[in-house]
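Descriptive analysis of the structure
For reference, the chains in residue letters:
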Amino acid sequence: METTNGEKIKKFFLKNYTGWLFNLPLFLGILFFTAIPVVCSLVYSFNTDIDIVNGRTSMTFVGLENYVNIFTRYADREALVTKN
């Protein structure tokens, strides 16, 4: 009887569950302290007028306008350039 890929994967995880449990805190730490903040920052960068009140978030989508402003407005460009 030939085993399917699903059965092979299930057998692999059941055989190695202690290793997965040992690494679970690492995976959760990477998820909560790295992946989620990066995604939230990316979402916030495409919005303006972010208003967080009483647990509800109100944002206005502006697309790439924030990035265009950084590189076209003189004051923002001055902040990005370092002087020796």
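Computed from a prediction, not measured in an experiment: that's the story for all the values here.

1. Details of a nonpolar patch on the surface
A contiguous nonpolar surface patch, about 830 Å² in accessible area, is contributed by Tyr17, Leu21, Leu24, Leu28, Leu31, Phe32, Phe33 and Ile36. By relative accessible area, which is 39% here, Leu24 ends up partly exposed.

2. Side note on the packing of aromatic side chains
For the structure shown, the criterion picks out 4 aromatic pairs. Ring centres of Phe13 and Trp20 lie 5.1 Å apart, and the angle between their planes is 45°; this geometry places the pair in the tilted category. On the accessibility criterion, Phe13 (39% relative accessible area) is partly exposed. When the centroid spacing of 6.1 Å and the interplanar angle of 40° are considered together, the rings of Trp20 and Phe27 count as tilted. The class of Trp20 is partly exposed, set by a relative accessible area of 36%.

3. Overview of the side chain of Ser45
When you line up the elements, Ser45 lands in helix α2 (residues 17–45). At 2.7 Å, the side chain of Ser45 forms a polar contact with the backbone oxygen of Leu42. In terms of polar contacts, Ser45 uses its side chain to reach the side chain of Tyr67, at 2.7 Å. With residues near it in sequence (within four places) discarded, Ser45 still touches Gly63, Asn66 and Tyr67.

4. A look at the confidence of the model for the chain
When pLDDT is averaged across the chain, the result is 82; 90% of the residues are at 70 or more. Per-element mean pLDDT across the chain ranges from 71 in helix α4 (residues 74–80) up to 91 in α2.

Conventions and cut-offs
Residues numbered from 1 in each chain as written. Predicted model: local features only at pLDDT ≥ 70, side-chain atom pairs only at ≥ 80, totals over all residues. Heavy atoms only, no water. Patch = residues over 30% accessible without salt bridge, like charges linked within 9 Å, V, L, I, M, F, W, Y side chains within 5 Å. Areas by Shrake-Rupley, 256 points an atom, 1.4 Å probe, with all protein chains shown as cover. Salt bridge = Lys/Arg side-chain N within 4 Å of Asp/Glu carboxyl O. Buried < 20%, exposed > 50% of the residue type's maximum accessible area, 1.4 Å probe, protein only. Phe/Tyr/Trp six-rings, centres within 6.5 Å; stacked < 30°, edge-to-face > 60°. Helix = DSSP H or I, 4+ residues; strand = E, 2+ residues; numbered from the N terminus. Polar contact = N/O pair within 3.5 Å; in protein donor to acceptor, adjacent residues only side chain to side chain. Contact = heavy atoms within 4.5 Å. pLDDT = per-residue confidence, 0-100.

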